[in-house]
Amino acid sequence: MDATALYGEQEALATQDALRSRLILGNGPTAPATVAGLDVAYHEDGVRLAAAVVVLDAADLRVRDTAVVRGEAAFPYVPGLFAFREVPALLEALGKLTVRPDVLVCDGHGLAHPRRFGLACHLGVLTGLSSYGVGKTPLVGTWEQPDDRRGARADLVDAGETVGAVLRTRQGVKPVFVSVGHRMDLDGACALTLRLASRFRLPETTRLADRACRDALR
DNA sequence: GCGACAG
DNA sequence: ATCTTGTCGC
């Protein structure tokens, strides 16, 4: 609203452009040994927050490591610049891990973003790790409703290009929006998401991280 | 100009 | 994101 916020947005857009040049598409890990879920919860003041990262063994989905940090939002919520709000706290949490995750499953979008650089891309580039996003609601794109059976998917298309997939993780439940971040391929991201979401709509990684940061806020 | 708009 | 447990419906 004010000049400060507008200037911040210009800076953020420039940073987004610079980081995007380092984004690597495709070539996700064939058999990741560990998978991490990341999420952030906010205090009612909209400023104080808790960020959590939970690392699971990709084979049996058991928790291998958990890191939670408390802090403050680094940026106001602006669609398209969402990463600037949560990335600092998430990076701090990632830094506390003792088990290195092979893939980051982010709560938000990757390539399915107005400038093709959502939270998942941002975190992937900054960490150098493979990453992708699983969003609960769309940010950009159009799609045909996927069949009502677990595993069904449809292309998420924006400005003529496929930026992700609309994936049904549970029959009879709204699909999720999957898009690659860094060093990841869409098929691998969808396959992993289905393995992580065998019982609930959202991946187990996201659910565990959500619980961890919520608990840390109380 | 008017909505829509990840979390 | 958050306000919010139980309750209605298939």
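What comes next is a walk through the structure. Predicted model, so just to flag it, every value in this text is computed and none were measured.

1. Structural notes on the overall build of chain A
Helix and strand counts for chain A stand at five helices and eight strands. In chain A, the succession of α and β elements from N to C terminus is α-β-β-β-α-β-α-β-β-β-β-α-α. Here the C-alpha radius of gyration of chain A, 16 Å, is about what a compact globule of 218 residues would show, namely 17 Å. With the C-alpha coordinates aligned to their principal axes, the bounding extent of chain A is approximately 50 × 40 × 30 Å. Counting across all 218 residues of chain A, residues that qualify as buried make up 51%. Restricting to contacts in chain A with at least 6 residues of sequence separation, those with at least 24 account for 65%.

2. Focus: the environment of D102
Looking at the element boundaries, D102 is found in the loop between α2 (83–95) and β4 (103–106). Judged by its relative accessible area of 22%, D102 is partly exposed. When the C-alpha positions of D102 and V134 are compared, they lie 16 Å apart, and in sequence the two are 32 residues distant. Look past the residues within four positions of D102 in its chain and what remains in contact with it is P29, P32, A33, T34 and S130. Side chain to side chain, D102 and R100 meet in a polar contact 3.2 Å long.

3. Some thoughts on the packing of α2 against helix α3 (residues 119–127)
The N-to-C vectors of α2 and α3 enclose an angle of 40°; their axes lie 10 Å apart at closest approach. Put simply, α2 runs oblique to α3. The element α2 and its partner α3 pack so that their crossing is right-handed. In this structure, α2 contributes A83, F84, E86, V87, L90, L91 and L94 to the contact, and α3 contributes L119, H122, L123, L126 and T127. Of the residues that constitute the contact of α2 with α3, the class distribution is nine nonpolar, two polar and one charged.

4. Considerations on the pairing of strand β6 (residues 153–158)
Inspection of the sheet shows β6 paired to strand β7 (residues 161–167) by six bridges, in the antiparallel sense. Each bridged residue has a counterpart across the sheet, and for V157 the counterpart in β7 is T162.

5. Some thoughts on the nonpolar core
Counting residues in hydrophobic clusters, the biggest one holds 25 residues, and the most contacted among them are V35, Y132 and V178. If you list the elements that add at least two residues to this core, you get β4, α3, β5 (130–135), β7, β8 (176–180) and α4 (186–196). Residue contributions to this core peak at six residues, all from α4. A36, L49, L97 and L123 belong to the second largest nonpolar core, which has 23 residues in total.

Calculation notes
- Residues numbered from 1 in each chain as written.
- Chains lettered and ligands numbered in written order.
- Predicted model: local features only at pLDDT ≥ 70, side-chain atom pairs only at ≥ 80, totals over all residues.
- Heavy atoms only, no water.
- Helix = DSSP H or I, 4+ residues; strand = E, 2+ residues; numbered from the N terminus.
- Rg over C-alpha atoms; globule rule 2.2 N^0.38 Å.
- Buried < 20%, exposed > 50% of the residue type's maximum accessible area, 1.4 Å probe, protein only.
- Contact = heavy atoms within 4.5 Å.
- Polar contact = N/O pair within 3.5 Å; in protein donor to acceptor, adjacent residues only side chain to side chain.
- Axes fitted to C-alpha atoms, helices over the stretch in contact; angles between N-to-C directions.
- Parallel < 35°, antiparallel > 145°, perpendicular 65-115°, else oblique.
- Left-handed = near helix turned anticlockwise from the far one by under 90°.
- Nonpolar A, V, L, I, M, F, W, Y, C, P; charged D, E, K, R; others polar.
- Pairing = 2+ DSSP bridges.
- Core = buried A, V, L, I, M, F, W, Y, C linked by side-chain atoms within 4.5 Å.

The quantities given are spatial measurements derived from coordinates; they are silent on function.
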